[in-house]
Amino acid sequence: MGEQRTIYMDHSATTFVKPEVLEVMIPWFTKHFGNPSSIYSIAHESKKAIDAARVQTAKGLGADPDEIYYTSGGSESDNWAIKGVALANRKRGNHIITTQIEHHAVLHTCQFLEKEGFEITYLPVDRYGLVNPADLEKAITDKTILISIMYANNEIGTIEPITELGAIARKHKVYFHTDAVQAIGNIPIDVKSQNIDLLSLSAHKFYGPKGVGALYIRKGVRIENLIHGGGQERRRRAGTENIAGIVGLGQAIEMATMDIPGHNAKIQLMRDRLIKGVLEKIPNARLNGHPEKRLPGNFNVSFEFIEGESMLLWLDDEGICASTGSACTSGSLEPSHVLLATGLPVEISHGSLRLSLGDANTIEDVDFVLDVLPKVVKKLRDMSPLYQKSGKEGGCNVQ
Amino acid sequence: MYSDKVMDHFKNPRNVGEIENADGIGEVGNPVCGDIMKIFLKIDNNVITDAKFKTFGCGAAIASSSMATELVKGKTLEEAWEVSNKAVAEALEGLPPIKMHCSVLAEEGIHKAINDYRVKKGLEPWIEKNPHSHEQDDMTCQH
């Protein structure tokens, strides 16, 4: 075998840091390392840099700069939004509405609050992963203090009707949080017109560094602090600022939101070629998620009769990085809660594959995957007792 | 995550396929749990002269099937019955704890194929000495 190339198709997991982002970060590690809380003049530079990044971040969301609070990433932002609003508003009520397909940062936070006496409604989704706005409206009670619904799903890529859901929340005067970790740079966001009260984001999903994110908190939202300590972030989030990370986040979000339609057109062209090719070349395959309302780089597919982890191992052998909703990689032995919520049978959820495209990809990458993937699926099906059965006995029964 | 030996048996599985007119066949597992193994044995004079498998499952399930069929080939039925899941896992230079149930499945598959042969011959099926059914192992699928 010759020199192996890496084909990275897991942009929903994380992205590489763009050179332009890294470049603006470096001086803040070495040259301008002053603690922004300090009094001497080199610290002022750090303070100014953070404020400049705050302006960039706010602009990417249609927010005011003083509504942006830096965190360590998406998980902290989700934890803060949900626990913070729950604790600050428990006199008004103890009911929170979310969905069955949220990221674990939201689901496990809600499960924690259940133990603390909060009641959580987990809204179902349809076969495409869409929340029905009518279901949300029906679930709201006079005890509801928070609605938390993700902007776009990380596994199947489905984009939720956030504007509509936000309008319902506003009508009933309930705080509305959205986990927009997968949405930034893929969907234009305007928190004001979309009635979003809180929004979580994470820099490493849009070509920024890991370990830094933000929570947008609309002015006037009642929320408790999550991280207690010093007076950073206008006394709302303690801890010495990750200056280089924050500067990187600012640069990354500015680049990611500069030309969303242009960027999406390029990614979607590759993604659509991939979907079409895979569904044409491989029988007994089905697309998971919504055919149109999906993230531009997301492709999630289930192949009957085979299991996802063995597929990933073979793809990795060819240098292709992907992920699966199969239990066998989750460490829990339960397949993806998202796929199950869409009604996909458990046995078919085991054979799911997610390829998420982004700026690391070229059309040649797509064609390489289209060459390799059918062979991998065939190899695994040839040794699967389910595939052998399927001819005469129906095998895993789809639908 | 996996040892070199597991990766070797996953990528170059020994004994994949079926045996026509097999003397003993054992199918274990459940598609809901994400793994099914089907073991085929050819038996002559109480000795396993050939063993093959078909498996739906993860890398560890495929490697365990491959290793288990290797281990029982050439053994008498009594010897093959003694091939434990631990022996399969050890021969694979270890399995991650959450994947140990794959080796259990391989042992069960061999046992089921042996008993299939015994029953066909009009003999009493052997009783599992240490029945580690899936449900007992809390790392395994509850379906």
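Since the model is a prediction, treat every value here as computed from it, not as a measurement.

When its secondary structure is counted, chain B shows five helices and three strands. Across chain B, helices and strands are ordered from the amino to the carboxyl terminus as α-β-β-β-α-α-α-α. For 143 residues, the compact-globule estimate of 2.2 N^0.38 gives 15 Å, and the C-alpha radius of gyration of chain B, at 14 Å, lies within 12% of that figure. Counting across all 143 residues of chain B, residues that qualify as buried make up 48%. Long-range pairs, those at least 24 residues apart, make up 59% of the contacts in chain B with a sequence separation of at least 6.

Quick look at the nonpolar core now. Among the nonpolar cores identified, the biggest contains 77 residues, and Leu146(A) and Tyr216(A) are the most heavily contacted of them. With eight residues, the top contributor of residues to this core is helix α9 (residues 243–256) of chain A. When we break this core down by domain, the ones giving at least three residues each are domain 1 (19–256) and domain 2 (259–393) of chain A. In contact with Leu146(A), other than residues within four places in its own chain, are Ile82(A), Val85(A), Ala86(A), Ile96(A), Val174(A), Tyr175(A) and His177(A). Formed by 71 residues, the second largest nonpolar core is a distinct cluster that contains Ala322(A), Phe56(B), Leu95(B) and Tyr117(B).

On to the interface of chain A and chain B. Facing 21 residues of chain A, the contacting portion of chain B comprises 20 residues. Secondary structure elements with two or more residues in the side of chain A that touches chain B: α11 (308–317), α13 (346–349) and α15 (385–393) of chain A. Broken down by element, the residue count for the side of chain A that touches chain B peaks at four residues, all from α11(A). Residue composition of the side of chain A that touches chain B, by class: eleven nonpolar, six polar and four charged.

This next bit is on the domain arrangement of chain A. Residues and elements named next belong to chain A. One can read the domain layout of chain A as domain 1 (19–256) and domain 2 (259–393). Each of domain 1 and domain 2 has a C-alpha centre, and these two points are 29 Å apart. The interface of domain 1 with domain 2 comprises 20 residues on the first partner and 20 residues on the second. Split by residue class, the side of domain 1 that touches domain 2 holds ten nonpolar, eight polar and two charged.

Geometrically, a packed helix pair is captured by the angle between its two axes and the distance between the axes. Residues and elements named next belong to chain A. Remark: helix α3 (residues 41–61) packs on α9, axes separated minimally by 8 Å, with the N-to-C direction vectors making an angle of 30 degrees. With respect to α9, the axis of α3 lies roughly parallel. Both α3 and α9 take part in a crossing whose hand is left-handed. Side by side, α3 and α9 meet where Ser46, Ala49, Ile50, Ala52, Ala53, Gln56, Thr57 and Gly60 of the first sit next to Ile243, Ile246, Val247, Leu249, Gly250, Ile253 and Glu254 of the second. Of the residues that constitute the contact of α3 with α9, the class distribution is nine nonpolar, five polar and one charged.

What counts, and at which threshold
- Residues numbered from 1 in each chain as written.
- Chains lettered and ligands numbered in written order.
- Predicted model: local features only at pLDDT ≥ 70, side-chain atom pairs only at ≥ 80, totals over all residues.
- Helix = DSSP H or I, 4+ residues; strand = E, 2+ residues; numbered from the N terminus.
- Rg over C-alpha atoms; globule rule 2.2 N^0.38 Å.
- Buried ≥ 20, exposed ≤ 12 C-beta atoms within 10 Å, placed from the backbone.
- Contact = placed C-beta atoms within 7 Å.
- Core = buried A, V, L, I, M, F, W, Y, C linked by C-beta atoms within 7 Å.
- Domains from an automatic or database assignment.
- Nonpolar A, V, L, I, M, F, W, Y, C, P; charged D, E, K, R; others polar.
- Axes fitted to C-alpha atoms, helices over the stretch in contact; angles between N-to-C directions.
- Parallel < 35°, antiparallel > 145°, perpendicular 65-115°, else oblique.
- Left-handed = near helix turned anticlockwise from the far one by under 90°.

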